[in-house]
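# Commentary on secondary and tertiary structure
This is what each chain is made of:
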Amino acid sequence: MPSFLAEQTSIWYQKNARDLPWRHEGVGAWAILISEVMLQQTPVSRVLTVWQEWIERWPSPADLAAEPAGEAIRAWGRLGYPRRAMRLHECAGEIVRRHGGEVPDELDKLLALPGIGDYTARAVLSFAFGQRHPVVDTNVRRVVSRVHHGVEDRAIGLAEVAELLPLGQSDAALASAALMELGAVVCAARSPRCGVCPVMAECRWKQLGSPQPEKPFRRPQSYAGTDRQVRGLLLAVLRESAAPVPRHRLDLVWPDGVQRERALQSLLADGLVQAQSCDVFLLPDSTPAQ
DNA sequence: ATCCGGTTGT
DNA sequence: ACAACTGGAT
């Protein structure tokens with residue numbers, strides 16, 4: 001059932017899509033997969049340079065799999081959520097071992113890879129292989145919720161999005177990209193630009209006066225002072241050091257010894273950091289087994 | 001339901 | 001200060 005939303009947004013997208021490098025002709029599935037992982041919870045502007053470095057350095061899964069995980073973590077830079085870099089490295093290894101070094105083009109095989117969930121698996125199938133799948137991220141959820149239901153935060157499932165996509169594979173893939181783009185550029189969470197929206201005339205949310213969502217209750221959860229910040233500070237020291245780092249240098253980044261130790265232990269548990277001895281640490285440097 | 005980063009726009 | 005940013009794993 002091709003919907004008004006999918007059709008109009010696709011038309012709009014073909015004239016207004018941002019020129020992002022991973023959308024260029026000839027970009028392979030591996031490079032697109034990398035872009036999708038990097039874009040998880042991370043704005044486009046910050047992904048651009050790191051993505052370019054990655055695809056030049058590791059143009060195939062085998063290239064990344066051949067290096068220690070620490071190199072992926074180092075090259076991740078300050079993108080945030082560095083476990084994504086580690087999972088991407090594991091993912092490359094799985095692709096080499098189980099899929100002959102080629103990114104699989106089947107849903108169940110992608111979902112079985114580390115770091116690849118419901119969103120990323122379908123995004124790769126749609127944008128790299130031109131298949132028809134519901135690609136549901138926070139943008140699509142917001143667009144469909146607003147336009148069809150007139151509310152900000154209604155739960156939007158895969159089936160609901162699948163129903164509104166065009167039937168043709170490439171048309172559906174185009175519509176998926178278009179819905180995400182609309183959510184990112186026009187139907188923004190904070191400052192929607194309804195004046196330039198291609199579906200304004202049929203938007204329930206606009207008709208209802210753009211009602212704000214009910215905020216049930218949300219913890220303040222500031223970043224400053226959290227374990228997350230301390231993990232980031234510790235990892236930054238290890239990233240920027242070519243040589244293993246003695247504990248006393250890590251002690252400098254955060255005054256609270258208890259929290260510092262807890263953060264270090266969690267990094268070790270995640271596999272983001274490796275202990276060379278009891279007081280010397282480094283990024284994972286073991287060359288992966290073939 | 002929670003944890004997991006780091007930057008930018010408001 | 002604060003949410004938002006093309007989520008995934010536990």
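Position numbers for residues count from 1 along each chain, tracking the sequence in the order it is written. Numbering of ligands from 1 and lettering of chains from A proceed in the order in which they are written. Only residues with pLDDT of 70 or above have their local features reported here, since the model is predicted, and side-chain atom pairs are shown and tallied only from 80 upward, although totals for entire chains, interfaces and linings are computed over all residues. Excluding hydrogens and water, the side-chain figures rest on all heavy atoms present in the structure.

### As for the packing of helix α2 (residues 29-38) against helix α8 (residues 118-127)
In helix packing, the relevant descriptors are the interaxial angle and the interaxial distance, both defined with respect to the helix axes. The condition is simple: Angles run from 0 to 180 degrees between N-to-C directions of axes, and those axes are lines fitted to C-alpha atoms, restricted for helices to the stretch in contact. The secondary structure listing takes helices from DSSP runs of H or I that are at least 4 residues long and strands from runs of E that are at least 2 residues long, numbered from the N terminus. For any pair of crossing helices, the crossing counts as left-handed if the nearer helix is rotated counterclockwise from the farther one by less than a right angle, and right-handed if it is rotated clockwise. Here, residues are in contact when the closest pair of their heavy atoms is within 4.5 Å. Just so you know the grouping, Ala, Val, Leu, Ile, Met, Phe, Trp, Tyr, Cys and Pro go in nonpolar, Asp, Glu, Lys and Arg go in charged, and all remaining residues, Gly too, go in polar.
Remark: α2 packs on α8, axes separated minimally by 10 Å, with the N-to-C direction vectors making an angle of 145°. In the crossing of α2 with α8, the sense of the turn from one axis to the other is right-handed. For the pair α2 and α8, contact is made by Ile32, Leu33, Glu36 and Val37 and by Tyr119, Thr120, Ala123, Val124 and Phe127, respectively. Looking at the contact of α2 with α8, its residues break down into seven nonpolar, one polar and one charged.

### Section: the pairing of strand β2 (residues 274-277)
Remember that side chains alternate between the two faces of the sheet whenever the strand is regular. Rules: In this scheme, strands are said to pair when DSSP sees at least two bridges between them.
Pairing analysis gives three bridges linking β2 to strand β3 (residues 280-282), with the strands arranged antiparallel. The residue of β3 that forms the bridge with Ala275 is Phe281. Hairpin geometry of β2 and β3 is characterised by an intervening segment of two residues between the two adjacent antiparallel strands.

### Concerning the domain arrangement of chain A
We apply this condition: Either an automatic procedure or a domain database provided the assignment from which the domain bounds are taken.
Assigned domains within chain A: domain 1 (29-127), domain 2 (133-209) and domain 3 (227-282). Here domain 2 and domain 3 have C-alpha centroids that lie 42 Å from each other.

### Focus on the pattern of salt bridges
The test is simple: Only one rule defines a salt bridge in this text: a Lys or Arg side-chain nitrogen within 4 Å of an Asp or Glu carboxyl oxygen.
Counted according to the given criterion, the structure contains 16 salt bridges. Its salt-bridge partner being Arg18, residue Glu181 comes within 2.9 Å of it at the nearest N-O pair. Residue Glu181 is found in helix α11 (residues 169-185), and its partner Arg18 is found in the loop between α1 (4-16) and α2; the two are separated by 163 residues along the sequence. A salt bridge links Arg57 to Glu67; the nearest nitrogen and oxygen atoms lie 3.3 Å apart.

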